[in-house]
Amino acid sequence: MASHGPAASPRIEVRKTYKLYIGGAFPRTESGRSYLVSAADGTPVANACRGSRKDLRDAVRAARAACPGWADRTAMNRGQVLYRVAELMEGRRDQFVAEVAQAEGLRADRARAVVDRAIDRWVWYAGWADKIAQVLGSSNPVAADYFNFTIPEPTGVVGIVAPETSSLLGLVSRLAPPLVTGNAVVVLTSETRPLPAITLTEVLATSDVPGGVVNVITGRKAELAPVLAAHGDVDAIDVWGVADAARRDIELAATDNVKRIVRRPAGVTDARFDWLDDRAAERPEWIAAYLEMKTVWHPIGV
Amino acid sequence: MRESDTGGARLIPRPATEATVNPGIMPSVTSDTTKLRPWSGDRAPAGWGLGDGQAIPWEYAPAPESRDVVTVKDRYGLFIDGREIQSSDKAVFATVNPATEEKLADVARATPADVDRAIRAAGRAQKKVWGALPGRERAKYLFRIARIMQERSREFAVLETMDSGKPIKESRDVDVPLAAAHFWYYAGWADKLEYAFPGRVARPLGVAAQVIPWNFPLLMLAWKIAPALAAGNCVVLKPASTTPLTALLFADVCRQADLPPGVVNIVPGPAEIGMHLVSSPNVQKVAFTGSTGVGKLIHRAVAGTDKAITLELGGKAANIVFEDAALDQAVEGIVNGIYFNQGEVCCAGSRLLAQESIVEPLVEKLKDRLSTIRVGDPLDKNTDVGAINSRQQLEKITELVAAGVAEGADLYQPACDLPERGYFFRPTLFTNVAQSHRIAKEEIFGPVLSVLTFRTPDEAIEKANNTPYGLSAGVWTEKGSRILSMVRRLKAGVVWANTFNRFDPTSPFGGYKESGFGREGGMHGLHAYVRLEDR
């Protein structure tokens, strides 16, 4: 009686379907389209969703709905929730290292350094949640009998065109600053290197970040970034990952509803930016870019 | 903003006596003197024979502020590189006193070549002089400017009132002192920037292109120039074409202060000159205060560049009055909120949201109060509401008020006499206003209040935030926790609780949503004029 034991046949790997992340769920693109994602060395890796305008609009709606709840969390709670993202990334460290190495063509030790820094960056920004108001807020000594103070509040829905080159560390460095103060975010991932971002959504989904607070779309930036920029219910847009040649058109589209436009510093290129440099890549100004300052007056008297 | 007109036929109706002049534009007025409800303390005794409840017809003797303190020149030049010069094509435009429709002066109209020249002067001064000057030396220049503005305060106030139409008591007690205070406040920051940005080094951006509106000409100049100079930038400023005179008087202050040439340049001209200025590749910072429509154009002009930009745009503020508010105080705040500066205020409380249970007594008290507002000669020290800034603005207000009537809102205007000449408009109050009415949605920029109602705090928030604007809001209630919960939920950059329309150099000001971004005033105002580097 011949039996074919497990050792006799190689196990067939269960592959992952890479999906979008909208409102806490993992839909495939409504358009039914995909595009082939290759490793840095050109080896085909997977089909990623080629997200559509409709996917993007769904993501903005989910973000808008999630805004008030996230903004109303206490600052300490938001800090803990984002710290937990770091905890869960730590548990998936080897997976991230493999994906980043594959996507960015890095040697293992370099990929490890990148992933470690991405995890640590969450920790750095998470710690700002309950401190930024004390650094950026103020009590204002007006020349009359009024109590006058200024407090920061989240801008609302933020669109992020993620860095094209740094698929995970660059993304985390742009994503954490708006999140920590209570904004909700729609991310357009690196077009050529989207897979680490999708794995990050799996971490977000199993952390305590409420559904809709982060929404992630993969696809063609040339098709989707103008839609994100022109969307009337997006309050701010990070154009870091927009190619220089396209930046003016994207920014023009963003002016229709007076969006806050957040840019790379002058002279900085996406491909050359050193995300491992904490002094350059960890900036309270990047948190401030997605804050509105609210000033309150009240008379002092009997 | 367009060129101001000089002379010409007057298009503007006078509701009380001239309703028949323009019946198609201006609706008839619902009030007359017999319906006025005077202040409770001001009812006429029976022996006066005025009838029950009649207002005492107080007569106010004229109390004109003297014009002697200011010498209005026939002709003003551009201020470039420390010198007053003609425009390159010798062109001038007239600036008019909106209270009399008389020409005040001819003002040089900058050409694009003049603007480029001003930008070059500013760039040179920034690199060679101002940017290299230690902060403590910059500070002393700014303190000097503040002091000179204080010394010449009445001259500024009278000139501001003549050129803009605002009441002398406002230019004298609000605009000019606040402008001087703004320079004073930022003077002290010039040598303390390291404390404003801990862990960072603040560097100037370079040349700031600044375009300002006509509603607070000198004050907006101060809001723009003081923080820019404190941080080490040099400026090219375009004042509004209807109100260039105090900016050009400020040029004289710069000369008196021995401010190095090129640090401040002033280029009056039409809107195209402003667009040329902000579009220049040789400016590193753009700052604009004005309408949301023009703000979007300016935002477009800097798209794709590395210029820093701040925009302070329009508003449609809700002033929310709860049933437990101190109503008499609220009435004063509502009046100040919408009739201050003829309502030509971006943060004006133009939408009154009154809780349903008190809307009737509140509106009655408002009507009483409106009957005591004095509209007229801006140079009269008793005047509450002066002249509308320009014919164009008066036409816009008139058109929107007519739209309010046409859409079914109820109009109330007190029966006050308006001067024969000049651009005047009665304080106006609309009741039965729906959120869909134009007068509830559009920024009128005039003395026109729309009254809407609400039942619950949730409904008040829903209505207050139901606008693309988000500049300011007001809350009136005696309950502290309610104030703070409303403050948290209102999408507005400034919230006045149990007060309205207060300003201070230490207090950051600016909008949410389509009211713009960036803050002016306070430490936050410095941020708009620096580039932060690592230590």
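Each chain has its residues counted from 1, running along the sequence as written. All chains are assigned letters beginning at A, and all ligands numbers beginning at 1, according to the order in which they are written. Two thresholds apply to this predicted model, a pLDDT of at least 70 for residue-level local features and 80 or more for giving and counting side-chain atom pairs, whereas whole-chain, interface and lining totals are computed over all residues. To obtain the side-chain values, all non-hydrogen atoms of the structure were used and water was disregarded.

Take the domain arrangement of chain B next. Residues and elements named next belong to chain B. Segmentation of chain B into domains returns domain 1 (15-43 + 315-497) and domain 2 (75-313 + 511-534). On a C-alpha basis, the centres of domain 1 and domain 2 stand 31 Å from each other. Taking both sides of the interface into account, the surface hidden between domain 1 and domain 2 amounts to around 2,700 Å²; carbon and sulfur atoms contribute 55%. Salt bridge, as used here, is a side-chain nitrogen of Lys or Arg placed within 4 Å of a carboxyl oxygen of Asp or Glu. Scanning the region where domain 1 abuts domain 2 turns up three salt bridges. Note that Lys169 and Asp384 form a salt bridge whose closest N and O atoms lie 2.5 Å from each other. What qualifies as a polar contact is a pair of N or O atoms within 3.5 Å, subject to a donor-acceptor requirement within protein and to the restriction that residues adjacent in sequence count only when both atoms come from side chains. Between domain 1 and domain 2 we count 18 residue pairs in polar contact (both at pLDDT 80 or more) in total. Residue classes follow a fixed rule: Ala, Val, Leu, Ile, Met, Phe, Trp, Tyr, Cys and Pro count as nonpolar, while Asp, Glu, Lys and Arg count as charged, and any other residue, Gly among them, counts as polar. In the side of domain 1 that touches domain 2, the residues fall into 15 nonpolar, 14 polar and seven charged. The start and end points of each domain follow an automatic or database-based domain assignment. By definition, the buried area sums, over both parts, the 1.4 Å-probe accessible area that each loses when the two are put together.

Backbone-to-backbone hydrogen bonds join strands into a sheet, with any given pair of strands oriented parallel or antiparallel. All names here are of chain B. In space, the three strands of this open sheet follow the order β1-β5-β4, with mixed pairing throughout. Pairing within the sheet leaves two strands with one partner each, and these edge strands are β1 (75-76) and β4 (92-97). Taken together, the six bridges between β4 and strand β5 (residues 102-108) define a ladder with antiparallel strand orientation. Looking at the pairing, Val96 lines up with Lys103 of β5. The sheet contacts of helix α4 (residues 153-164) involve β4 and β5, and relative to β4 the element is tilted by about 100°. Contact criterion: two residues are considered in contact whenever any of their non-hydrogen atoms come within 4.5 Å of each other. Angles here are taken between N-to-C directions and fall from 0 to 180 degrees, while the axes themselves are lines fitted to C-alpha atoms, restricted in helices to the stretch in contact. For helices the rule is a DSSP run of H or I covering at least 4 residues; for strands it is a run of E covering at least 2, with both sets numbered from the N terminus onward. Along the sheet, helix α8 (residues 245-256) contacts β1, β4 and β5; its crossing angle with β5, the most-contacted strand, is approximately 55°. In this analysis, strands are considered paired if DSSP registers two or more bridges between them.

In this structure, Met149, Phe183, Leu221, Phe250, Val264, Ile266 and Val321 of chain B are the most contacted members of the largest nonpolar core, which totals 150 residues. Of the residues forming this core, the biggest block, eleven residues, is contributed by helix α7 (residues 217-230) of chain B. Formed jointly, this core draws a minimum of three residues from each of two domains, domain 1 (15-43 + 315-497) and domain 2 (75-313 + 511-534) of chain B. Definition used in this section: a nonpolar core is a set of buried Ala, Val, Leu, Ile, Met, Phe, Trp, Tyr and Cys residues joined via side-chain atoms within 4.5 Å. Think of it in three bands: with a 1.4 Å probe and only protein chains considered, a residue is buried below 20% of the maximum accessible area for its type, exposed above 50%, and partly exposed in between. Phe96, Ala111, Val203 and Ile287 of chain A belong to the second largest nonpolar core, which has 58 residues in total.

Spatial strand order, β3(A)-β4(A)-β10(A)-β18(B)-β17(B)-β12(B)-β13(B)-β16(B)-β15(B)-β14(B): ten strands in an open sheet with mixed pairing. Taken across any chain shown, the strands that pair with only one partner, and hence form the sheet edges, are β3 (138-139) of chain A together with β14 (410-412) of chain B. As defined by bridge partners, β3 of chain A adjoins strand β4 (residues 146-154) of chain A across two bridges and the pair is classed as antiparallel. Directly across from Ser139 of chain A, in β4 of chain A, lies its bridge partner Phe149 of chain A. Across the sheet, helix α12 (residues 359-370) of chain B is in contact with β12 (318-321), β13 (351-355), β14, β15 (428-431) and β16 (448-454) of chain B; its angle to β13 of chain B comes to roughly 140°.

Listed by partner, the interface residues are 36 residues for chain A and 43 residues for chain B. Where chain A abuts chain B, roughly 3,400 Å² becomes buried across the two surfaces, and 50% of that area is made up of carbon and sulfur atoms. Run the count over chain A and chain B and you get three salt bridges. Between Asp306 of chain B and Arg247 of chain A there is a salt bridge; the shortest N-O distance is 3.1 Å. Run the count over chain A and chain B and you get 28 residue pairs in polar contact (both at pLDDT 80 or more).

A separate point is helix α10 (residues 292-302) of chain B. By the burial criterion, the buried members of α10 of chain B are Thr292, Gly295, Ile298, His299 and Val302 of chain B. Looking straight down α10 of chain B, one finds its buried side chains confined to an arc of 115°; they lie on one side. Those residues of α10 of chain B that are buried lie in contact with α9 (244-254) and β9 (260-262) of chain A together with α9 (271-279), β10 (285-289), β11 (308-312) and β19 (516-517) of chain B. Looking one or two residues past α10 of chain B, Gly304 of chain B carries a phi angle of roughly 85°, positive in sign. Read the arc as the range of directions from the helix axis to the C-beta atoms.

The subject of this paragraph is the side chain of Thr499 of chain B. Of note, Thr499 of chain B is situated in the loop between β18 (494-497) and β19. One polar contact links Thr499 of chain B to Arg502 of chain B, side chain to side chain, over a distance of 3.2 Å. The residues contacting Thr499 of chain B, other than those within four sequence positions of it, are Tyr146, Trp297 and Pro299 of chain A together with Trp476 of chain B.

Those residues of helix α16 (residues 480-489) of chain B not exposed but buried are Ile483, Met486 and Val487 of chain B. The arc that holds the buried residues of α16 of chain B, viewed along the axis, is 105°, so those residues lie on one side. Pointing more than 90 degrees away from the buried face of α16 of chain B are the exposed residues Leu484 and Arg488 of chain B. Of the surrounding elements, those touching the buried residues of α16 of chain B are β4 and β10 (291-299) of chain A together with β12, α15 (457-464), β17 (472-476) and β18 of chain B.

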